[in-house]
Amino acid sequence: MRHRHLRLVLAGLAVTLTAAACGGNSAASDSTPGTSGSTAAAGTPTDGGSLTWGVSVEPVCYNPQRSGQQNSYPIIRNYAESLVGKASDGSYTPWLAQSWDISGDGKTYTFHLRDGVKFSDGTPLTAEAVKENLDFIVAPESTQSSKQALVNYVSSTAVDDTTLEVELKQADAATLDIFASIGTAVLLPASLKKDSDLCTPDADLIGTGPFVLDGYQSGQQISFKKNPDYDWAPGYAQHTGPAHLDTVTYRFLPEATTRTGALTSGQVDLIEGVQVTDTSLFSGQSGYQYLTGPSTGTAFSLNINTRIAPADDERVRQALRDGFDLDALIQNQYLGTVKRAWSSIGPDSPYYDKDLENTWGNDVDAANKLLDEAGWTGRDADGYRTKGDQQLKIVVGYPQPYVRDQRDVLLQAIQAQVKQNIGLNLDVQIITAAAFTDETANGTWSVYPNTLPTADPSLMFQSLFSSNGFLYVGADKSLVLDDLVAESRAGSDQASRKAALDRIQQTVVDDARYIPLYTPVYTVAATDKIHGIAFEPQLNSPASSYDIWKS
């Protein structure tokens, strides 16, 4: 199959971006194809100037191949790029590769790289450089987070400077999505050979992106300057050539009120992670614009470890799932700005299983009956259920770097309801990233609240529910969904894939190893002088600052 400037449109895909602007600066009216949801272009873009973001989270790691932190991606995308782009309609566009061919058996991908691409130190991008990156990710000693996605990668060959052949074990429907992901972004091979994990932003962290690292103050901010030679933007971008801005700075402002104050006082130009109660300050207000991103990744959810008592009993997990009024909690906390979730995939994905809607949750009587049947019939002085001398207690370990959007507050509200409704002690603890890493390595995590950024759903499910994922790595096959996950990525027939993905969504909600809570969306507020703001469809999060300009 020949795929020149391939645009593989997934049937039915409609990534919905909602934008509410003010002062006649309608985002929806000026969306560029492939970047819907971008802000209005009030006239011809102008080059120059500096931009300052106020962002909610400081990345733990700046290496795209290692980071699993969604809030790090909008920053990393300024210097790290992928072979393939992914547009908002689900099609794949050229990026570092101008085109690609797929063999008839689906096991060989031949990428044709663009001419003239260079790393920011001036080193030309070659097929050999891409091969070195892929081989580095999958090496036996590799601990790169992106290694899991390349489970079907066998080898690659640099045919010449601009032609790379990638061999797979078997046809894999997720392949283009993998090469569009930030996890396979290409770094300078010489940097990979340094004795460093490249998590700290320094001179060794070199990519091909439109910006180059210019300064970093831990806990304060990171700054970039324009790469004047850049001329290989992804196919979905709003322009070509170098970035409009001369410099861009991301200030780390973890407190939502601080971010809001920084924007309203003019200290920053735009912010992400707008506090719900502050939405009315920007949405529909003169001088500001307010945008929300798509939701095609996983829900914000409770992943429950089926190996850890008492949650190893399916009845206990189901009781937790149905023991609180999720609709009321979501409405009370987020005031209608997000939707309650029913499935592990966001409703904007073509693979979303709509049949799950209104099939579970908020059935306190049934939840109590399940716990009685499971033998949790006693009560202690605090009102919690007991079995013998054991209290019915499930620990939720929420890694601090991943806490955002007041999700910890939502967990505390659930905690209060399940205590009152079913006598379950949901012990919510904010833990360190290091502690969570240890728990996942040892399989001792109990409940992990998380959201995965959008990707091919087979890849998301592999991460969460298979023995090749980070939660159940090496787990007994009886505890994971390896066969279903493999079936969902085995071929390109959309109907067969949808059927397999539906079964996964149904299974994990039925046995309550996964409790979807709400479908998250990124929120951005900016002054009306900022244009070209967009969300990267492959990530759901704000895109890099490449297309942004100021008037």
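Residues numbered from 1 in each chain as written. Predicted model: local features only at pLDDT ≥ 70, side-chain atom pairs only at ≥ 80, totals over all residues. Heavy atoms only, no water.

- If you check an unreviewed UniProt entry, the protein appears there as ABC transporter substrate-binding protein from Nakamurella alba.
- Its UniProt record, at the heading Subcellular location (unreviewed entry), says of the protein: "Cell membrane". (UniProt positions renumbered as here; feature names shortened; annotations may be inferred.)

**Details of the packing of aromatic side chains**
Turning to step 1, where the next piece is worked out: According to the stated counting rule, one finds 20 aromatic pairs in the structure shown.
Turning to step 2, where the next piece is worked out: Summarising the aromatic geometry, the rings of Tyr448 and Phe470 are spaced 6.0 Å apart at their centres and angled 90° between planes, so their arrangement reads as edge-to-face. Of this pair, Tyr448 sits in strand 22 (residues 447–450) while Phe470 is found in the loop between helix 12 (457–465) and helix 13 (482–488), placing the two residues 22 residues apart along the sequence.
Turning to step 3, where the next piece is worked out: Here Tyr448 falls in the buried class, since its relative accessible area comes to 6%.
Turning to step 4, where the next piece is worked out: Following the ring pairs from residue to residue traces out a cluster consisting of Trp53, Tyr79, Phe224 and Tyr250.
Turning to step 5, where the next piece is worked out: If you follow Arg340 out to its NZ or CZ, it ends over the ring of Trp342, 3.4 Å from the centre. (Phe/Tyr/Trp six-rings, centres within 6.5 Å; stacked < 30°, edge-to-face > 60°. Helix = DSSP H or I, 4+ residues; strand = E, 2+ residues; numbered from the N terminus. Buried < 20%, exposed > 50% of the residue type's maximum accessible area, 1.4 Å probe, protein only. Lys NZ or Arg CZ within 6 Å of the ring centre and 35° of its normal.)

**Observations concerning helix 10 (residues 407–422)**
Turning to step 1, where the next piece is worked out: The end-to-end C-alpha separation of helix 10 is 22 Å, in line with the 22 Å expected for 16 residues at 1.5 Å each.
Turning to step 2, where the next piece is worked out: Residue Gly423 follows helix 10 closely and has a positive phi angle near 70°. (Expected span 1.5 Å × (residues − 1).)

**As for the pattern of salt bridges**
Turning to step 1, where the next piece is worked out: Summed over all chains, the structure comprises 20 salt bridges.
Turning to step 2, where the next piece is worked out: The closest approach of N and O atoms between Arg321 and Asp322, which form a salt bridge, is 2.9 Å. Assigned by exposure class, Arg321 and Asp322 land together as buried.
Turning to step 3, where the next piece is worked out: Here Lys477 ties to Asp482 by a salt bridge, and the two come within 2.8 Å at their closest N and O atoms.
Turning to step 4, where the next piece is worked out: By relative accessible area, Lys477 is classed as exposed at 58%. (Salt bridge = Lys/Arg side-chain N within 4 Å of Asp/Glu carboxyl O.)

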